[in-house]
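Each chain, written out:
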Amino acid sequence: MFNNSSKILFITIMIIGTLITVTSNSWLGAWMGLEINLLSFIPLLSDNNNLMSTEASLKYFLTQVLASTVLLFSSILLMLKNNMNNEINESFTSMIIMSALLLKSGAAPFHFWFPNMMEGLTWMNALMLMTWQKIAPLMLISYLNIKYLLLISVILSVIIGAIGGLNQTSLRKLMAFSSINHLGWMLSSLMISESIWLIYFFFYSFLSFVLTFMFNIFKLFHLNQLFSWFVNSKILKFTLFMNFLSLGGLPPFLGFLPKWLVIQQLTLCNQYFMLTLMMVSTLITLFFYLRICYSAFMMNYFENNWIMKMNMNSINYNMYMIMTFFSIFGLFLISLFYFMF
């Protein structure tokens, strides 16, 4: 990934851009941080050897610029209202800001650019898009208090994230729809408290990293590659699909813990309708993860006659195994610590 110094420079500027947004105390400052973040992320996306990534970077640029323009326009409207005493409805401008931020983060109903763009990225860029690029817009959404728009977005995100992933064979699109579904959960946790959102975000980032780390090493981009690749290492195959189930949020694994917290807090807030929809949609995502796992575990697919060479060095293998251990047994360990202390 870090094959030259310019990449390190752009990643540093990207991190600084997000930090500017998170720490700014005005909408203009937040907008500026988002722009710095955008302009440093685009060179990371575009790759000279790959036309798809250039196309993806252009798509990303256009959608983010549209969102930034709307954000800047609405923050100017807010400024006019505060300084010039203009008769502008504040909830209206806040709604415009919210929709611009939802477009930036790729939440439904503004999600259409996200899966198409993911298809053209390398795994490390996709990971950055799914995790780091969500921080700034979500932090800004937490400053706004428009429950009904957020509610609509949460419901649409979880439903679209569940149904969109049903017939996907591309792993990147599968991860993209999974990300939209998780984004719905994150937005619902933002409605309750920021600390629960941070916990959810941390666990989601960790589980996404474990999967993309593996996909990146073996250059896996489609489901049929998963089935025929790990013929001579059944442990790797088993752990990989366990991580899939953990990301889906199956109870004994670590991925269930943040969902558990959100479910508990939503029941305390009497948000039963939204909670039911979210849980049903998660069941749908678990259905297609389990379907993939069944086809892998029950061996009803063709294995290649030749043996693929596993080019995974011992450091990567050990690192992956440690992360997988936490991904599978994390919930048990955290429960033990909780009851012991």
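Refer to the preceding data block for the structure.
Below is a summary of the structure that appears in this document. (Residues numbered from 1 in each chain as written. Predicted model: local features only at pLDDT ≥ 70, side-chain atom pairs only at ≥ 80, totals over all residues. Heavy atoms only, no water.)

### A closer look at helix H9 (residues 171–192)
Right, so step 1: An ideal rise of 1.5 Å per residue puts 32 Å on 22 residues; H9 measures up with 32 Å between its terminal C-alpha atoms.
Right, so step 2: Counting buried residues along H9, 20 of its 22 residues qualify, which places the element largely inside the surrounding structure. (Helix = DSSP H or I, 4+ residues; strand = E, 2+ residues; numbered from the N terminus. Expected span 1.5 Å × (residues − 1). Buried < 20%, exposed > 50% of the residue type's maximum accessible area, 1.4 Å probe, protein only.)

### Some thoughts on the packing of helix H10 (residues 194–218) against helix H12 (residues 234–248)
Right, so step 1: The N-to-C vectors of H10 and H12 enclose an angle of 145 degrees; their axes lie 10 Å apart at closest approach. Regarding H10 and H12, the two cross each other, and that crossing is left-handed. Two secondary-structure elements touch here, H10 through Tyr204, Leu207, Ser208, Val210, Leu211, Met214, Phe215 and Phe218 and H12 through Leu236, Leu240, Asn243, Phe244, Ser246 and Leu247.
Right, so step 2: Residues that form the contact of H10 with H12 fall into these classes: 11 nonpolar, 3 polar and no charged. (Axes fitted to C-alpha atoms, helices over the stretch in contact; angles between N-to-C directions. Left-handed = near helix turned anticlockwise from the far one by under 90°. Contact = heavy atoms within 4.5 Å. Nonpolar A, V, L, I, M, F, W, Y, C, P; charged D, E, K, R; others polar.)

### Here's the deal with unusual backbone geometry
Among all residues except glycine, the phi angle is most often negative; among peptide bonds, the trans geometry is most common.
Right, so step 1: Here the amide bond leading from Ala108 into Pro109 is cis, since omega sits at 5 degrees, within 30 degrees of zero.
Right, so step 2: Mapping Pro109 onto the fold places it in the loop between helix H4 (90–105) and helix H5 (113–118).
Right, so step 3: Even without being a glycine, Lys219 presents a positive backbone phi close to 50 degrees.
Right, so step 4: Structurally, the position occupied by Lys219 is in the loop between H10 and helix H11 (223–229).
Right, so step 5: The phi torsion at Asn270 lies on the positive side, around 60 degrees, for a residue other than glycine.
Right, so step 6: Mapped onto the fold, Asn270 is located in the loop between helix H13 (256–268) and helix H14 (272–297).
Right, so step 7: Looking at Asn270, the relative accessible area reads 52%, which means it is exposed.

### A short note on the packing of aromatic side chains
Right, so step 1: Counted under the stated rule, the structure contains 20 aromatic pairs.
Right, so step 2: Relative to Phe329, the ring of Phe325 has its centre 5.2 Å away and its plane inclined at 45 degrees; by these criteria the two rings are tilted. Pair noted here: Phe325 and Phe329 are both in helix H15 (residues 314–340), with a separation of 4 residues, about one helical turn.
Right, so step 3: Residue classification places Phe325 among the partly exposed positions, given a relative accessible area of 39%.
Right, so step 4: Centre to centre, the rings of Tyr338 and Phe339 are 5.4 Å apart; their planes meet at 80 degrees, and the pair counts as edge-to-face.
Right, so step 5: Accessibility expressed as a relative area gives 68% for Phe339, which makes it exposed.
Right, so step 6: Counting every residue linked through ring pairs, the aromatic cluster contains Trp123, Phe215, Phe221, Phe238, Phe241, Phe244, Phe288, Tyr289 and Phe297. (Phe/Tyr/Trp six-rings, centres within 6.5 Å; stacked < 30°, edge-to-face > 60°.)

### Notes on the pattern of salt bridges
Right, so step 1: Enumeration over the complete set of coordinates arrives at 3 salt bridges.
Right, so step 2: For Lys81, the salt bridge identified is with Glu90, shortest N-O distance 3.6 Å.
Right, so step 3: Accessibility expressed as a relative area gives 22% for Lys81, which makes it partly exposed.
Right, so step 4: Glu90 sits in the partly exposed class, given a relative accessible area of 40%.
Right, so step 5: Residue Arg172 is joined to Glu119 by a salt bridge in which the shortest nitrogen-to-oxygen separation is 4.0 Å. Remark: Glu119 occurs in the loop between H5 and helix H6 (123–130) and Arg172 occurs in helix H9; sequence separation between them is 53 residues. Side by side, Arg172 and Glu119 carry an identical accessibility label, which is buried. (Salt bridge = Lys/Arg side-chain N within 4 Å of Asp/Glu carboxyl O.)

### Notes on the environment of Ser295
Right, so step 1: Relative to the helices and strands, Ser295 resides in helix H14.
Right, so step 2: Considered as a pair, Ser295 and Phe227 are 68 residues apart in the sequence and their alpha carbons are 8.0 Å apart.

### Some remarks on the nonpolar core
Right, so step 1: Residues Phe215 and Leu226 are the most contacted members of the largest nonpolar core, which totals 98 residues.
Right, so step 2: Of all the elements, H10 adds the most residues to this core, at 13 residues.
Right, so step 3: Non-local contacts of Phe215, meaning those with residues more than four positions away in its chain, are made with Trp123, Leu171, Met175, Leu220, Leu226, Leu240 and Phe244. (Core = buried A, V, L, I, M, F, W, Y, C linked by side-chain atoms within 4.5 Å.)

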